[in-house]
Amino acid sequence: MEFSPSLSLSRTLSLLSPTTSSSSLPPFSSLSHRHRHRHLQRQRQRRCNLSRSSCLPPAIQLSSSSKDDDDEEMVEIEFEEEEEEEYAEYEYSSLDVDSLEREAQLAVQEFSESLSRQMVIEDERSSPKEVQVKDKRRKNTSKNIPDHLLPKVAIVGRPNVGKSALFNRLVGGKRAIVVDEPGVTRDRLYGRSFWGNYEFMVVDTGGVLTISKSQTDLMEELAVSTTIGMEGIPLATREAAVARMPTMIEKQATVAVEESSVIIFLVDGQAGLNAADVEIADWLRKHYSDKCIILAVNKCESPRKGISQASEFWSLGFDPLPISAVSGTGTGELLDLVCSGIKKVEGPEYLEEENYVPAIAIVGRPNVGKSSILNALVGEDRTIVSPVSGTTRDAIDTEFTGPDGQKFRLIDTAGIRKKAAVASSGSKPEALSVNQAFRAIRRSDVVALVIEAMACITEQDCKIAERIESEGKGCLIVVNKWDTIPNKNQETTVFYEEDVRRKVRALSWAPIVYSTAIAGHSVEKIIVAAAAVEKERSRRLTTAILNQVVREAVAFKAPPRTRGGKRGRVYYSTQAAIRPPTFVFFVNDAKLFSETYRRYMEKQLRTSAGFAGTPIRLLWRSRRKMEKSDGSFFMK
């Protein structure tokens, strides 16, 4: 093979041609004076090396050419690193921050809408008409008066007369479970209602059973099962719990009547008058004659027919009013009578708009002690506690003030069983109760996931944990019935926590609290931990601190290169939302950041900035390469 000077010349020209420069390199005019000088020095050095190689023998020339190729690749890699350094001098100081912040807000909104479409709860959708009614009712609220200052209106009556349907009609929405079965409602359920300039609290109660019934009749009346979810409880204990259920329900109804200034005595117009209605009327007249008692005859859909249906109830000693909780017939006249029996509450002059009150939902499997925790916190029998599985049906809201004076809204929920188990049982109330529990998670700020100490973490607990994380709620894990663990020592808690962390990876950031609710041991730690979680969930990082954390994380571990030599680069980051903390990263290409690297970035954020007890969202937005125009850098 003969030496050809023309080959060396063409190669030299091709290397010096502008087309050979990498498309990823910035324009020469955009480089600083220092980088221009280095660039020109490398170009001259390359020309000298090529001119010397043209005088060498062909064999040496080929080896020298391959070395030049390697040197060229090294030069391009070094130049790319210098390019990154050049951009880093400007990307945090000369960006259009306002536009990026607006785009970050838009990214959070799009993510929230997408997430809400994915996290669908069965039977959740409200019609546009219902939404308009709710918005109108909210606008009519002149002052945000705390619940405990409002007058209360109790709805009482025998089972299955439509108390929960009337409750939903008055408060607006589907707060109470409505099923054509007796004994569905058991605890007191509160809701705010508005009528004209009046505002008051409506209390839904369970059916009052005053007639003696046999054990079989009670179980049939209340639709209570002594088998589902109660396999580990002796049969005698189950039957005794069922026998006590009516007394517990009546006790809850009695408390509601005593604290209310107006009582709506609801009867069934289609079923007619019966002995239970007479006994309830005598009970109200004997003990609560000083209160305003309104006799409402429900299920009178036809106004003409309703008059004849209501006439049958004159013998109870009250003026009957025909209404229909389903269609709304007569509810306007009912509300007029209610408002005539209550005093209009004017908020104190010093009372400003009520501060944000965090909601804490208590969730978990059946019979783990959720209602016991609520009762231990509030210091009263707010909800019924029984070994009967599925005692709690509705999501029960209760106001609570912590030791430091901070207010919370506690939400007790029904036990969440596996979807297949609920479907196989064929119980419609249980299915609706599970939906109510999911809604409680959605409208809460912090979720207390209660597990049983002896059972530890089950598969169902992991599914509930995944739901909590997906909803973006703060969370703490409450290990209840801690006293049942035998032979505890100092290492027991450490080993137990390691086991919980290993099994519930979705909540690896959640604090763990150990309690015995039935004895009132360590329940106050639940509120302390929940308050700390809520503060972390509402915390906001400044943009300067956030970008410093991100720069240090990238410097410690840069995004990996692809096979094509591309590497992800972070231009700018900002916290766009709280509850949960949501961060938006503006990068050159979101696809260049693998899931592993995104988890690494989340871990670095938690290590450097905290956020214990709350999930954090990292959103990645792709932007084109930064270029220089009019002396400042911008995003294409």
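Looking at an unreviewed UniProt entry, one finds the protein chain named GTPase Der, with Anisodus tanguticus as its source organism. UniProt, in its Sequence similarities (unreviewed entry) section for the protein chain, records the words "Belongs to the TRAFAC class TrmE-Era-EngA-EngB-Septin-like GTPase superfamily. EngA (Der) GTPase family."

1. Re helix H18 (residues 543-556)
Between its first and last C-alpha atoms H18 spans 20 Å; for 14 residues at 1.5 Å apiece the expected length is 20 Å, and the two agree. Along H18, the residues classified as buried are Leu-546, Asn-547, Val-549, Val-550 and Ala-553. Projected down its long axis, H18 shows its buried positions confined to an angular sector of 155°, all on one face. Of the exposed residues in H18, the ones pointing more than 90 degrees away from its buried face are Ala-544, Ala-555 and Phe-556.

2. What to know about the pairing of strand E2 (residues 189-195)
Counting buried residues along E2, 5 of its 7 residues qualify, which places the element largely inside the surrounding structure. Count of turn residues in the E2/strand E3 (residues 198-204) antiparallel hairpin: 2 residues, of which Gly-196 carries a positive phi of about 65°.

3. Some remarks on the sheet that holds strand E7 (residues 359-364)
In a beta sheet, neighbouring strands are held together by backbone hydrogen bonds and run either parallel or antiparallel to one another. Strand order in this open sheet of 6 strands is E8-E9-E7-E10-E11-E12, and the pairing throughout is mixed. Every other strand in the sheet has two partners, leaving strand E8 (396-401) and strand E12 (512-514) as the edge strands with one partner each. Taken pair by pair, the neighbouring strands of this sheet meet at an average axis angle of 25°, ignoring direction. As judged from the 3 bridges shared by strand E11 (residues 474-480) and E12, these two strands associate in the parallel manner. Bridge assignment links Val-479 to a residue of E12, and that residue is Tyr-514. Strands in contact with helix H12 (residues 370-378) are E7, E8, strand E9 (407-412), strand E10 (446-452) and E11; relative to E9, the strand with the most contacts, it is inclined by about 155°. Across the sheet, helix H16 (residues 490-503) is in contact with E10, E11 and E12; its angle to E12 comes to roughly 135°.

4. Examining the sheet that holds strand E15 (residues 617-622)
Spatial strand order, E13-E14-E15: 3 strands in an open sheet with mixed pairing. The sheet is open, and its two edges are formed by strand E13 (570-577) and E15, each paired on a single side. Recorded for the sheet is a direction-independent mean angle of 20° between the axes of neighbouring strands. Alignment of E13 against strand E14 (residues 582-587), held across 6 bridges, turns out to be antiparallel. Looking at E14, one finds that Val-570 is bridged to Val-587. Contacts between helix H4 (residues 97-118) and the sheet are confined to E13, E14 and E15, with E13 contributing the most and set at about 60° to the helix.

5. Regarding the packing of H18 against helix H19 (residues 595-609)
Contact geometry for H18 and H19: axes closest at 10 Å, N-to-C directions at 125°. As far as their axial angle goes, H19 and H18 are oblique. The handedness of the crossing between H18 and H19 comes out as right-handed. Only Tyr-597, Tyr-600, Met-601, Gln-604, Leu-605 and Ser-608 of H19 make contact with H18, whose side of the interface consists of Leu-546, Val-549, Val-550, Ala-553, Val-554 and Phe-556. Here the residues of the contact of H18 with H19 sort into 10 nonpolar, 2 polar and no charged.

Calculation rules
Residues numbered from 1 in each chain as written. Predicted model: local features only at pLDDT ≥ 70, side-chain atom pairs only at ≥ 80, totals over all residues. Heavy atoms only, no water. UniProt positions renumbered as here; feature names shortened; annotations may be inferred. Helix = DSSP H or I, 4+ residues; strand = E, 2+ residues; numbered from the N terminus. Expected span 1.5 Å × (residues − 1). Buried < 20%, exposed > 50% of the residue type's maximum accessible area, 1.4 Å probe, protein only. Arc of directions from axis to C-beta. Pairing = 2+ DSSP bridges. Axes fitted to C-alpha atoms, helices over the stretch in contact; angles between N-to-C directions. Contact = heavy atoms within 4.5 Å. Parallel < 35°, antiparallel > 145°, perpendicular 65-115°, else oblique. Left-handed = near helix turned anticlockwise from the far one by under 90°. Nonpolar A, V, L, I, M, F, W, Y, C, P; charged D, E, K, R; others polar.

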